[in-house]
Amino acid sequence: MDFPISHAHIHPIYLILVGFVIGVLGGFFGVGGSFIAGPALRLVGLQWNMAVGTDLAHIVGKSVVAARKHRALGNIDFKLGFIMIIGTIAGAETGAQGIEALKRHGDVNQVVSWVSIVVYFSISMFMAWDAWKSLRARDAERKRGAPDTHSDKTSVERVTSRIQKFHLPPMISLPTSGIESISVWAIIAVAFVGGLFSGFLGGGAGYIRMPSMVYLLGIPTHLAIGTDLFEIIISAGYSTASHAVKGNVDILIALVMNTGAAIGAQIGATATQFFRGPGIRLAFVPLPLIGMAIVIYTLVTGQKL
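Enquirer: Help me understand helix 7 (residues 184-201), please; the structure alone is not making it clear to me.
Expert: An α-helix turns once every 3.6 residues. As a result, residues three or four positions apart point the same way. With 18 residues, helix 7 should reach 26 Å at 1.5 Å per residue; the first-to-last C-alpha distance of 26 Å fits that figure. The N-terminus of helix 7 is capped by serine 183, whose side-chain oxygen sits 3.1 Å from the backbone nitrogen of tryptophan 185.

Enquirer: Help me understand the side chain of serine 212, please; the structure alone is not making it clear to me.
Expert: Along the chain, serine 212 turns up in helix 8 (residues 206-217). We classify serine 212 as buried; its relative accessible area is 15%. Not counting chain neighbours up to four residues away, the residues in contact with serine 212 comprise Val190 and Leu217.

Enquirer: How do you make sense of a nonpolar patch on the surface when you look at a structure like this?
Expert: A grouping of Ile5, Ile251, Leu252 and Leu255 is seen on the molecular surface, where their side chains present a nonpolar patch of about 330 Å² in accessible area. For leucine 255, the location among the structural elements is in helix 10 (residues 251-271).

Enquirer: What exactly am I supposed to notice about helix 10 here?
Expert: Compared with an ideal rise of 1.5 Å per residue, which puts 21 residues at 30 Å, helix 10 spans 29 Å between its outermost C-alpha atoms and is within 8% of the ideal. Taken as a whole, helix 10 carries its principal kink of about 35 degrees at threonine 259. Among the residues of helix 10, those classed as buried are Ile253, Ala254, Val256, Met257, Asn258, Gly260, Ala261, Gly264, Ala265, Gly268 and Ala269.

Enquirer: Could you clarify how one ought to interpret the nonpolar core in this entry?
Expert: The tendency in soluble globular proteins is for nonpolar side chains to be buried side by side. Counting 68 residues, the largest nonpolar core has Ile187 and Ile219 as its most contacted members. The contacts of isoleucine 187, once residues within four sequence positions are left out, are Leu80, Ile83, Met84, Ile172, Leu174, Ile182 and Leu217.

Enquirer: Honestly, the packing of helix 4 (residues 78-105) against helix 9 (residues 221-245) in this entry has me stumped. Any pointers?
Expert: A packed helix pair is summarised by two numbers, namely the angle formed by the two axes and the spacing between the axes. One can describe the packing of helix 4 onto helix 9 by two numbers: an axis separation of 8 Å at closest approach and a directional angle of 30 degrees. Taken together, the axis directions place helix 4 and helix 9 in an arrangement best described as roughly parallel. The two elements helix 4 and helix 9 meet at a crossing, and its hand is right-handed. Within the contact between the two elements, helix 4 uses Phe78, Leu80, Gly81, Phe82, Met84, Ile85, Thr88, Ile89, Ala92, Glu93, Ala96 and Ile99 and helix 9 uses Thr227, Phe230, Glu231, Ile234, Ser235, Tyr238, Ser239, Ser242 and His243. Classifying every residue of the contact of helix 4 with helix 9 gives 12 nonpolar, 7 polar and 2 charged.

Enquirer: Would you mind showing me how to read the pattern of salt bridges here?
Expert: As a working rule, side chains carrying opposite charge can pair if their charged atoms are close by. For the structure on display, the rule yields 3 salt bridges. The residue glutamate 231 makes a salt bridge to arginine 209 at a minimum N-O spacing of 3.2 Å. Of this pair, glutamate 231 sits in helix 9 while arginine 209 sits in helix 8, placing them 22 residues apart in sequence. Comparing glutamate 231 with arginine 209 shows no difference in burial state: the two are buried. Here the salt bridges share partners, and the residues they tie into one network are Arg209, Asp228 and Glu231.

The rules behind the values
Within every chain, residues take consecutive numbers counted from 1 along the sequence as written. It should be noted that, the model being predicted, local features are given only for residues of pLDDT at least 70 and side-chain atom pairs only at 80 or more, the latter also being counted only at that level, while totals for whole chains, interfaces and linings use all residues. Only hydrogens and water are removed before side-chain values are computed, so all heavy atoms of the structure are retained for them. Where helices and strands are cited, they refer to DSSP runs of H or I of at least four residues and of E of at least two residues respectively, numbered from the N terminus. Here, expected helix span is obtained from the residue count minus one, scaled by 1.5 Å. Polar contact is defined as a pair of N or O atoms within 3.5 Å, subject to the rule that within protein one atom must be able to donate a hydrogen and the other to accept it, and that residues adjacent in sequence are counted only when both atoms are side-chain atoms. Burial classification: accessible surface area is computed with a 1.4 Å probe over protein chains only, and a residue below 20% of its type maximum counts as buried, one above 50% as exposed, and the rest as partly exposed. The contact definition used throughout considers only heavy atoms, calling two residues in contact when any of these lie within 4.5 Å. For patch detection, residues must exceed 30% relative accessible area and be free of salt bridges, and they are connected within 9 Å for like charges or within 5 Å for nonpolar side chains (Val, Leu, Ile, Met, Phe, Trp, Tyr). Accessible surface area values rest on a Shrake-Rupley calculation with a 1.4 Å probe, where residue burial reflects the displayed protein chains alone. Throughout this description, the term salt bridge denotes a Lys or Arg side-chain nitrogen within 4 Å of a carboxyl oxygen of Asp or Glu. One fitted axis covers the seven residues ending at a residue, a second covers the seven starting there, and the bend at that residue is the angle between these axes. Among buried residues, those of type Ala, Val, Leu, Ile, Met, Phe, Trp, Tyr and Cys that are joined through side-chain atoms within 4.5 Å constitute a nonpolar core. Angles shown run from 0 to 180 degrees and are taken between the N-to-C directions of axes, each axis being a line fitted to C-alpha atoms and, for helices, limited to the stretch in contact. For classification purposes, angles smaller than 35 degrees are called roughly parallel, those larger than 145 roughly antiparallel, those between 65 and 115 roughly perpendicular, and all remaining angles oblique. Crossings are assigned a handedness: left-handed for a near helix turned anticlockwise from the far helix by less than a right angle, right-handed for a clockwise turn. In this count, Pro and Cys sit with the nonpolar residues alongside Ala, Val, Leu, Ile, Met, Phe, Trp and Tyr, while Asp, Glu, Lys and Arg are called charged and the others, Gly among them, polar.

Here it is in structure tokens:
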């Protein structure tokens, strides 16, 4: 199938399958799935700038479906989500401008490829280490006959505690997430970093924001997943518009991908009911590594499917 906007020829079944897989991942992990979508689009010949913008466009539709399901499950902290939108939009525009600068210098494919490799690998290693520590602590408690109190705690709680105690007004409470007091600026800073990667690497950057919400802000995993999906709807919508103006979006490819993503998102969101926080985080570990492997393949061989 020919896509005149990006001048690409891609089989629609490939796009539907990619969309379905990303939909399942998004609904289950609260991420846009750009660590798979971006490399998957790059693999079939799209330039990185077009892969980034198109991925953002398809993320919006998929996130609407997944967020509705998570809302029904009570997994969204709306107060937190609306505050995060401010930082995410600012970061996304910064990232999009970075893509434009690389387009002008002709280095976009090389630079984005290497940045994505480093980011994907780092996230996987950190989450593997933390989930393993959390599960070990829970198993130790069970052997002692103690109640299971570590189902959603992490080994970086001291960092989380310091961030929540950092007093930089305005301070707010997040009753839904069980947080008595936290600086608005801490929330915006985490969202800005996620938005920066969203604008630069594509997708909603939930692979940055969801772990940051858990490890830095102290949001329970299930709420971090649902809230991130809610926030992605607005922030990714803005990023899509920004990239569309810059000529980085093939809306036809995005629509084909969404036919699979809409189904997958509902399946993924429903599945979160059967897993606890550490288990979800551990299951997330291999996914960025898959994206990293695809990027390395395209970088080394310069080939496409």
